[in-house]
Amino acid sequence: MRDASASVGPAMRLLILPAFASLAALMLLLAPERAASQGTARLRVAAWVPYWNRAEGTVSARQHLDALDELSPFGFEVQADGTLVDKTARRPGRWNPLLRAARRRGVKVIPSLIWLRADEQRAVLGDPALRAAHLARVVEVARRPGVDGVDIDDEGRDGPDRAMFATFLSELRAALAPLGKTLVCTVEGREGESPPPGANAGQRMAYSVDFQALGRECDAVRLMAYGQWYLQHGERSFTNAGTAEGREPHAPNSSDGFAERVVRYALRHVPAERLLLGVPTHGRVFRVGGEPGAWTYESRGAIHEARFLELAARPTARVDRPAGERRLRIGSGPSRRLAYLADATTLRGRIALARRLGIAGVALFKIDGREAAGLWEVLTEARR
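Structural notes, computed from the coordinates.

Calculation rules
- Residues numbered from 1 in each chain as written.
- Predicted model: local features only at pLDDT ≥ 70, side-chain atom pairs only at ≥ 80, totals over all residues.
- Heavy atoms only, no water.
- Buried < 20%, exposed > 50% of the residue type's maximum accessible area, 1.4 Å probe, protein only.
- Helix = DSSP H or I, 4+ residues; strand = E, 2+ residues; numbered from the N terminus.
- Pairing = 2+ DSSP bridges.
- Core = buried A, V, L, I, M, F, W, Y, C linked by side-chain atoms within 4.5 Å.
- Contact = heavy atoms within 4.5 Å.
- Axes fitted to C-alpha atoms, helices over the stretch in contact; angles between N-to-C directions.
- Parallel < 35°, antiparallel > 145°, perpendicular 65-115°, else oblique.
- Left-handed = near helix turned anticlockwise from the far one by under 90°.
- Nonpolar A, V, L, I, M, F, W, Y, C, P; charged D, E, K, R; others polar.

### A short note on the pairing of strand β6 (residues 149-154)
Consideration 1: Burial of β6 is extensive: six of the six residues sit out of reach of the surface.
Consideration 2: Side-chain alternation along β6 places G149, D151 and D153 on one buried face and V150, I152 and D154 on a second face that is also buried.
Consideration 3: Across four bridges, the pairing between strand β5 (residues 112-115) and β6 is parallel. Among the inter-strand pairings, W115 is bridged to a residue of β6, identified as D154.
Consideration 4: Of the strand pairs in this sheet, β6 and strand β7 (residues 182-188) are connected by four bridges, and their pairing is parallel. Its bridge partner being in β7, G149 is matched across the sheet by T182.

### Side note on the nonpolar core
General note: in soluble globular proteins, nonpolar side chains tend to be found buried as a group.
Consideration 1: Counting 75 residues, the largest nonpolar core has L71, V150, L172, F211, L214, L364 and L379 as the members making the most contacts within it.
Consideration 2: Once residues within four sequence positions are removed from consideration, V150 is found in contact with I110, P111, L113, V138, V141, A142, L176, T182, L183 and V184.

### Brief notes about the side chain of D161
Consideration 1: Here D161 is to be found in the loop between β6 and α6 (162-176).
Consideration 2: Residues within four places of D161 in sequence aside, it is in contact with A118, R122 and S208.

### A look at the packing of helix α4 (residues 118-125) against α6
In a packed pair of helices, the relevant descriptors are the angle between the two axes and the axis-to-axis distance.
Consideration 1: The contact between α4 and α6 brings their axes to 10 Å, and the two run at 60°. For the element pair α4 / α6, the angle class is oblique. Crossing angle aside, the handedness with which α4 passes α6 is left-handed. Residues Q121, R122 and L125 of α4 pack against M164, F165 and F168 of α6.
Consideration 2: Tallied by class, residues from the contact of α4 with α6 come to four nonpolar, one polar and one charged.

Here is the structure:
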């Protein structure tokens, strides 16, 4: 850029330079205030409401809309040919009151479109004609009255799918931007550029996304910092050495350290103001076998607070909090169980992490009426 003082005479330059000096001094004085205001920026909160718990989830979400900025009905499933099935259409009496209330409160409605099969994604997104047809259907969802955008949640990909998925996001953004619609991209968290040597398909899944493309094409990126045990092992049944000491089984669903590492990696490519940290409201329970140094794990499904507390009441149960989540250990031998649960304390820590790293906010998976006690109070406190 040209120097503004170069086009004026010496006398005028003498008048201009003190003005610039005073302005610079003023900016230095204001800098700490500006930094402080950024540190206390209003936390942005998004939440998914799943169709399989719509009765409880829609009620809970409606009761707590004041704590939300974005609401994502987890309601569209992509089929093998790229067509969409709207799960929310099956129970409009549950969904419509929630969506109307969200619009009245100024909460953005951004439906999620989930696609879980890599072979289907490859067949559709890899074919220009099929990809264009799928894209048109996605745009139709975004154009619905009262809808502010779409959340693309394509999971299960593999490494070779990176370029194909990036092309789809670029074309979708080009279609949505003129309509003023938001493109949200939900992706698995990862800790680096490349998967570990010899990684299986499950471990490679998180590395099948071009994060530079996310930063370029997506208006918001929701980072799934949960399912840690699966992202690290790639199987529902696996073996590991346990803790560093090798004495205790170890299979966290969303530890504090993992959450921070995946956010720090994402920040290399995604602007902080577009990044939301995905926080679970559920946990995971495992059946554990083996022995110290070679523990075996079999996932027995998701767990919520009511079931966690029921198990914690057993005589042999031990509960602690080693890394942000509550951990539950029960029994020994063939009856040994291990469970992890994200709760209100977990959420408070993730909000603190989001603020410390300067990202936009958090995204809760999921609102289903079974959230842990105190969770909404933590959000209310954080948004004051």
